[in-house]
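What follows is the residue order along each chain.
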Amino acid sequence: MALRFITRLGTGQKSAILLSLDACIALMSLAGADLLLNGTLPDLRTTGDGRFMLLALLTVLGTSIYLGLHRMKLLAYEKHGIVETGILAASLGASCTLANALPGARLPAEQVLFASLLFLALFVAARLALLRLTALLYRLAKARQRLLIYGAGKTGQRIAAALGEDDGLMPVAFLDDNPRLQSLSVAGLHVYSPMRIKTLVQRLDIDAIVLAVPDEARLRQMQTLSDLPCKTLTLPSLAELLAGKRPAQAPSRIALQDLLGRKRLDLEFPEAGDSYAGKSILITGAGGSIGSELCRQLAALAPARLVLLEHCELALYSIAHELADLHPHLATVPVLGSVCDAPLVRALLAEQGIDTILHAAAYKHVPMVQRNIFAGLRNNVIGTKTLTEAAADAGIDRFILISSDKAVRPTSVMGATKRLAEEIVQDHATRTTRTCFSMVRFGNVIGSSGSVIPLFQDQIARGGPVTVTHPEVSRYFMTVTEAVRLVLTAGSFARGGEVFVLDMGDPVPILQVARQMIRGAGLSIRDADTPEGEIEIRFTGLRAGEKLHEELFIGADMLTTPHDKILRAQEQHLSQIEVASALSEIRRALEARDTDAAATALSKWVSDRARIKATG
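Residues numbered from 1 in each chain as written. Predicted model: local features only at pLDDT ≥ 70, side-chain atom pairs only at ≥ 80, totals over all residues. Heavy atoms only, no water.

Asker: I would appreciate a short explanation of the packing of aromatic side chains in the present structure.
Answerer: Scanning all chains against the criterion turns up two aromatic pairs. With centroids separated by 5.6 Å and ring planes inclined at 45°, the aromatic side chains of Phe 119 and Phe 123 adopt a geometry described as tilted. On the criterion of helical spacing, the pair formed by Phe 119 and Phe 123 is a turn pair, its members being four residues apart in helix H6 (residues 109–141). Accessibility expressed as a relative area gives 0% for Phe 119, which makes it buried. A relative accessible area of 0% places Phe 123 in the buried class. Where Phe 399 meets Phe 437, the ring centres are 5.2 Å apart and the plane angle is 45°; that geometry is what we call tilted. With Phe 399 in strand S11 (residues 398–404) and Phe 437 in strand S12 (residues 436–442), this residue pair connects regions lying 38 residues apart in the sequence. The exposure classification of Phe 399 matches that of Phe 437, with both residues buried. (Phe/Tyr/Trp six-rings, centres within 6.5 Å; stacked < 30°, edge-to-face > 60°. Helix = DSSP H or I, 4+ residues; strand = E, 2+ residues; numbered from the N terminus. Buried < 20%, exposed > 50% of the residue type's maximum accessible area, 1.4 Å probe, protein only.)

Right, here's the structure in full:
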């Protein structure tokens, strides 16, 4: 029960509790010093003692807030908080020393020194005690593993009944895709929608998810759940066992390190909370894979407000509902609309007092944008121009564009539109002093919409073939948590006009990814050497606009940043007149719906390698 109470506390509530504890320690330190040195407690009825107590209280609270100690996680305190605590204790002693210089009652110097040392000892002891207590509560609460059962049908109910009597396992709730079962209670357990799975894993403190779904859906669910911070378990259905059938082979989980070709880096990036705490932040494309993860990570950094701009109603509802569950005290403003709607964008910046914009809204599926060049130009280019102009006019503090490696020497319409979006942001960076414009560029995000991983998952689940465009095609990969942590960390470094790029190691061959995913699903590859294999890999040829290998830098100059895994590209960009000319040509092509003119404009202004061709 105590652990449930702690996990349901919002960030603001935890900060308030820690600040209250700090205030109590400050008062206890002065009182303890007086008691130990003079044998008496402070008399608050006297002006002198009351003045010093009030001064100590204000000093500790103000300095603690300034240093961010009330927002520091307990797990990080031993490593990062001791020095700040020393500064806090010194500020307490300094304030009392300054007060001694004023007319009125004075505290002896030894009492001031003793109070500061006592405060330092009590503060450190209290933080470490809280850490040990929280760890103990987690250990006690996890004596029984808490399970979420995916599938509320007969198989799931039988599994719940069987596990309910186990001393080490405890079913907590069901997940089910059937809307008629959602919000009902089945076998004594509540049934939730799978759309809320990330929220539920955190809120219900889930250790493992048990799949009680048909064989054909089991593989797809295994891959979908692979990035959650809990185990995924599969069990042969009771019906199969009773019928004497051989249970289907359970697919094993794919190690992300194998797909990335390196260690995951999300834990290596420091938290950038100070750059976003207390800010009113606008996230465009808030319902997308990148946008929604931006919302989740920003919500944990104590912003004043998150404004979610999204043109897909279902995606906006999903992320807004998730944030309301996880952070009920956070002010969130879901807005259904497009970045191309200039009056809406300008009204949002003014009415919501926006300090920071994270621009993730974009069409990014290469073949789809290739066939729909006008939609790609309107959303990725004109939308970015609309947003940057509004941001500059409103004088917001920080604007961060989420870009793509496909913007480097683009050969596709999508890549060209993203490169032109970068040019627009770089142009504004050279002309605006009030707003800090910057960009973050990275490769494929595992599991995002339009990426190759979900496609391979579906193809494997259907029994193949798995389609790879070319035997030698390669891509850079990263997880969505890495991508977003990179964006937030790099954004905190920005001073204006930078293009930040993650040091992602070597690109990964797509053929290698396909083979790993097939083997990771517990299946064999069918080829000329093993014709009895289960899944075939078929080569389909490079698609229109697709490159064999992606790049992250346009030029050869790479500069360092405060973090060794984040690099800064030094690149040439179009002048203000050139950007204006490019936008003018694109607007004329859009008004005339002239595909050739639109493709010609993109080729002219952003591509130095190959002519951009649109197929639709």
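Following the structure, the description resumes.
Asker: I'm lost on the pattern of salt bridges in this one. Help?
Answerer: Pairing is possible between side chains that carry opposite charge, provided their charged atoms lie close to one another. As enumerated under the stated definition, the model contains 13 salt bridges in all. When the shortest N-O distance is used, the salt bridge between Glu 423 and Arg 419 registers 3.1 Å. Linking Glu 423 with Arg 419, this pair stays in helix H18 (residues 413–431), spanning four residues, or about one helical turn. Residue classification places Arg 419 among the buried positions, given a relative accessible area of 4%. The salt bridge involving Arg 538 is made with Glu 536; its shortest N-O contact spans 3.2 Å. Overlapping salt bridges bring together Arg 419, Glu 422, Glu 423 and Arg 441 as one network. (Salt bridge = Lys/Arg side-chain N within 4 Å of Asp/Glu carboxyl O.)

Asker: Hey, could you run me through the nonpolar core in this one?
Answerer: Taken as a class, soluble globular proteins show a tendency for nonpolar side chains to be buried jointly. Counting 38 residues, the largest nonpolar core has Ile 283, Ile 290, Leu 308 and Phe 442 as its most contacted members. Taken together, the elements giving at least two residues each to this core come down to strand S7 (280–284), helix H13 (289–299), strand S8 (305–310), helix H14 (313–326), S11, S12, helix H20 (480–493) and strand S17 (499–502). No other element matches the eight residues that H20 contributes to this core. In contact with Leu 308, other than residues within four places in its own chain, are Ile 283, Ala 286, Cys 295, Leu 316, Ile 319, Ala 320, Leu 323, Val 333, Pro 334 and Val 335. If you look at the next biggest cluster of nonpolar residues, it comprises 26 residues, including Val 345, Leu 348, Phe 437 and Met 439. (Core = buried A, V, L, I, M, F, W, Y, C linked by side-chain atoms within 4.5 Å. Contact = heavy atoms within 4.5 Å.)

Asker: Help me understand the side chain of Arg 398 in this model?
Answerer: Checked against the element boundaries, Arg 398 lands in strand S11. At a separation of 2.5 Å, a polar atom in the side chain of Arg 398 contacts the main-chain carbonyl oxygen of Gly 491. Apart from the residues within four sequence positions on either side, Arg 398 is in contact with Asp 355, Thr 356, Ile 357, Thr 435, Cys 436, Gly 491, Ser 492 and Ala 494. (Polar contact = N/O pair within 3.5 Å; in protein donor to acceptor, adjacent residues only side chain to side chain.)

Asker: Just to check I follow, could you spell out the environment of Phe 174 for this structure?
Answerer: Here Phe 174 lies in strand S2 (residues 169–175). The spatial distance from the C-alpha of Phe 174 to the C-alpha of Tyr 192 is 6.1 Å, given a sequence separation of 18 residues.

Asker: Could you clarify how one ought to interpret the side chain of His 359 in this entry?
Answerer: When you line up the elements, His 359 lands in strand S10 (residues 356–359). Assessed through its relative accessible area of 1%, His 359 is described here as buried. Within polar-contact distance, the side chain of His 359 engages the side chain of Thr 284 at 2.7 Å.

Asker: Mind showing me how you'd approach the pairing of S2 here?
Answerer: On any regular strand, side chains alternate: one points to one face of the sheet, the next to the other face. Most of S2 is tucked away, with five of its seven residues classed as buried. Judged from the six bridges that link them, strand S1 (residues 145–150) and S2 form a sheet pairing that is parallel. Of the residues in S2, the one forming a bridge with Leu 148 is Ala 173. Across two bridges, S2 lies against strand S4 (residues 189–192) in parallel orientation. Directly across from Leu 175, in S4, lies its bridge partner Tyr 192. (Pairing = 2+ DSSP bridges.)

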